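Examination of the molecular architecture
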Amino acid sequence: MGLLSRPPTAFEERVYAALREIPRGRVVTYAVLAQHLNCRSAQAVGQALKRNPFAPDVPCHRVIRSDGFLGGYAGKLRGERVERKRNILARESVRFDEDGRLRDEGCLWRWED
DNA sequence: CGCAGATGGCTAG
DNA sequence: CTAGCCATCTGCG
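All of the points below concern the structure found in this document. (Residues numbered from 1 in each chain as written. Chains lettered and ligands numbered in written order. Predicted model: local features only at pLDDT ≥ 70, side-chain atom pairs only at ≥ 80, totals over all residues. Heavy atoms only, no water.)

1. What about unusual backbone geometry?
Inclusion rule: We count a stretch as a helix when DSSP gives it H or I for four or more residues in a row; a strand needs E for two or more, and each element gets its number in order from the N terminus. The buried label goes to any residue with under 20% of its type's maximum accessible area, the exposed label to any with over 50%, and the partly exposed label to all in between, with areas taken from a 1.4 Å probe on protein chains only.
Positive phi is not limited to glycine here, since Asn38 has a value of about 60 degrees. Its place among the elements puts Asn38 in the loop between helix 2 (30-36) and helix 3 (42-51). Positioned with a positive phi, Ala74 is a non-glycine residue whose angle comes to about 55 degrees. We classify Ala74 as partly exposed; its relative accessible area is 29%.

2. A closer look at the side chain of Thr29
Our working rule: In this analysis, two residues are considered to be in contact whenever any of their non-hydrogen atoms come within 4.5 Å of each other.
Position of Thr29 among the secondary structure elements: in strand 1 (residues 28-29). Setting aside chain neighbours within four positions, we find Thr29 in contact with Val63, Ile64, Arg65, Ser66 and Leu108.

3. With respect to the packing of helix 1 (residues 10-20) against helix 3
To be explicit about the condition: Angles shown run from 0 to 180 degrees and are taken between the N-to-C directions of axes, each axis being a line fitted to C-alpha atoms and, for helices, limited to the stretch in contact. Roughly parallel refers to an angle under 35 degrees, roughly antiparallel to one over 145, roughly perpendicular to one between 65 and 115, and oblique to any angle outside these ranges. Asp, Glu, Lys and Arg are counted as charged, while Ala, Val, Leu, Ile, Met, Phe, Trp, Tyr, Cys and Pro are counted as nonpolar; the rest, among them Gly, fall into the polar class.
Contact pair helix 1 / helix 3: the axes reach a minimum separation of 10 Å and the direction vectors enclose 85 degrees. Between helix 1 and helix 3, the angle is such that the two are roughly perpendicular. Contacts between helix 1 and helix 3 involve Phe11, Glu12, Val15, Tyr16 and Leu19 from the former and Ala44, Val45, Ala48, Leu49 and Arg51 from the latter. Residues of the contact of helix 1 with helix 3, tallied by class, amount to eight nonpolar, no polar and two charged.

This is the structure in structure tokens:
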């Protein structure tokens, strides 16, 4: 029972639906995701992701920052959880530099809006 | 380089 | 309704 026993809002469902469209081995930035959702706030997207990192169906690990850095994971900006995020992405053939910056920008997913 | 402000949606009171 | 949060972004010094 978690602290997250709250029904998802319409906005959150939009975020999750968009995340599912991202194929394995690709990543999106908070800004691009927000833009696809017709939302001008990348922070709102990040906040929605923070509240629901519980579902394996929702690949919240495929969302990074616009500058190519990993960003946060499971509520943390740095530390072991972010390392886990990098590990998961590495498993999907998405490699990062030592600093934590995305190597191949070709992994960035784009929508056809 | 670092920091403050903008930004939009969500939660708590 | 208001005020404050956010896993960001941009611009300014």
